[in-house]
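# Examination of the molecular architecture
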Amino acid sequence: MFIKSIQNEERRGINMKDKLKKIMDTAIEQIDATEQLDKLNDIKVVFLGKKGELTSLLKSMKDLAPEDRPKAGQMVNEARAKIEGKLEAKKKEFEKALLEEKLASEKIDVTLPGTKLPEGHRHPGNITLEEVENIFIGMGYKVVEGPEIEKDYYNFEALNIPADHPAKDEQDTFYITQDILLRTQTSSVQVHEMEKGELPIRMIAPGRVFRSDEMDATHSPTFHQIEGLVVDKGITFADLKGTLQEFAKRLFGEETKIKFRPHHFQFTEPSAEVDVSCFKCGGKGCRFCKGSGWVEILGCGMVHPHVLEMSGINPEEYSGFAFGVGLERIALFKYEIDDMRLLYENDTRFLKQF
Ligand code: DAH
């Protein structure tokens, strides 16, 4: 009985050894033959997993004699460690190959030309605006802004243009309601500034304006103006002339002359339009000044006493002058551009020339 049992156990032991060897050989063979990293995990499950080959062998140990179990257990553990080691080594091999492949394919050639990002360019309108701003800042003016969506009151009424006045016909615009519109002139900013009641005033107000106009080489339904306003005690037409003469010289060159032509604006009295001598031909006449030697650049005048009054300024005490310049007009002239539409298309081939 005793002998038989030993023989049995020995046979089982040998059996177990054989089985273990077989499991190990197959596992290692399979690991060696694997060609994909993720297959390694499948192999791990098959051999080392909870329901794997080694685990079931371990479970069958209960059939062994108790004194043989530690030895058998040790053998199984050694086998597990070997398979694990082999799996790990194979995994490293894969990872190394993968990294090498990646490094080879991602090689950076530092001698290749870089990718150029498309580069924009400052707009001639902005370049001109900045120049005008700098000229007036240099003369002690501040730069202010007003709303593009404006009340009829600021755009017309407070500038001496009451309802049904024919002057409104020339400045038709988009009405949001009967009282709210897209401003047709930056002159509206004069009113906002005067209403603040902080005197004296020396301001310019650049901004976008809107009119019901068809687009062509010299017109656009939206364009830009720069408004100017000075209100102080004792301001005269001589101050206006001196200021604009200085402005024209700084913008177009020392030789530039200016000419005042009488005109009519509702909110100034007297009013004038100002021409500058053509800096291209020096006044002889060329294609830019259409042969006349002069180019019209702005409207101006002495602020109408009623306009001062409506905004709460006493015209007996204060007087002022105002002017309005078309930004596009001076940019076109300054840069010899003969079609206004080019200013709105933002084609960099055009913009890069300035
Ligand atoms: N707002 C006028 C226009 O758009 C231009 C203008 C003329 C502005 C005379 C002024 C000014 O400030 O005094 O036609």
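Higher on the page you've got the structure.
The present account deals with the structure reproduced in this document. (Residues numbered from 1 in each chain as written. Predicted model: local features only at pLDDT ≥ 70, side-chain atom pairs only at ≥ 80, totals over all residues. Heavy atoms only, no water.)

## Notes on the overall build of the protein chain
- Along the backbone of the protein chain there are twelve helices and nine strands.
- Computed over C-alpha atoms, the radius of gyration of the protein chain comes to 45 Å, more than 25% over the 20 Å expected from 2.2 N^0.38 for 354 residues, which places it beyond the range of a compact globule.
- In terms of its C-alpha atoms, the protein chain occupies a principal-axis envelope of roughly 140 × 45 × 35 Å.
- Counting the 354 residues in the protein chain, one finds 41% classified as buried.
- Intrachain contacts of the protein chain at a sequence separation of at least 6 include 67% that bridge at least 24 residues.
- Entry remark: accessible area of the protein chain is about 21000 Å², with carbon and sulfur atoms responsible for 52%.
- Within the protein chain, the 61 negative side-chain charges are centred at a point lying 13 Å from the centre of the 50 positive side-chain charges. (Helix = DSSP H or I, 4+ residues; strand = E, 2+ residues; numbered from the N terminus. Rg over C-alpha atoms; globule rule 2.2 N^0.38 Å. Buried < 20%, exposed > 50% of the residue type's maximum accessible area, 1.4 Å probe, protein only. Contact = heavy atoms within 4.5 Å. Areas by Shrake-Rupley, 256 points an atom, 1.4 Å probe, with all protein chains shown as cover. Lys, Arg positive; Asp, Glu negative; His and termini not counted. Charge placed at Lys NZ, Arg CZ, Asp CG, Glu CD.)

## Quick look at helix α10 (residues 327-334)
- With seven of its eight residues buried, α10 lies for the most part within the structure.
- Restricting attention to buried positions, one finds in α10 the residues L327, E328, I330, A331, L332, F333 and K334.
- Immediately downstream of α10, the backbone of E336 shows phi near 55°, a positive value.

## A look at the sheet that holds strand β9 (residues 319-326)
- The seven strands lie next to each other as β1-β4-β5-β9-β8-β7-β6, forming an open sheet whose pairing is mixed. The sheet is open, and its two edges are formed by β1 (142-143) and β6 (258-265), each paired on a single side.
- Direction of pairing for strand β8 (residues 294-303) relative to β9: antiparallel, over a ladder of five bridges. Among the inter-strand pairings, L298 is bridged to a residue of β9, identified as V325. (Pairing = 2+ DSSP bridges.)

## Some thoughts on helix α2 (residues 37-48)
- With twelve residues, α2 extends 17 Å between its outermost C-alpha atoms, agreeing within 8% with the 16 Å of an ideal straight helix rising 1.5 Å per residue.
- Listing the buried residues of α2 in full gives L40, I43, F47 and L48. Seen along its axis, α2 keeps its buried residues to an arc of 90°; they face one direction. Counted as exposed and oriented over 90 degrees from the buried face of α2: D38 and V45. (Expected span 1.5 Å × (residues − 1). Arc of directions from axis to C-beta.)

Geometric descriptors of this kind do not, in isolation, establish any biological role.
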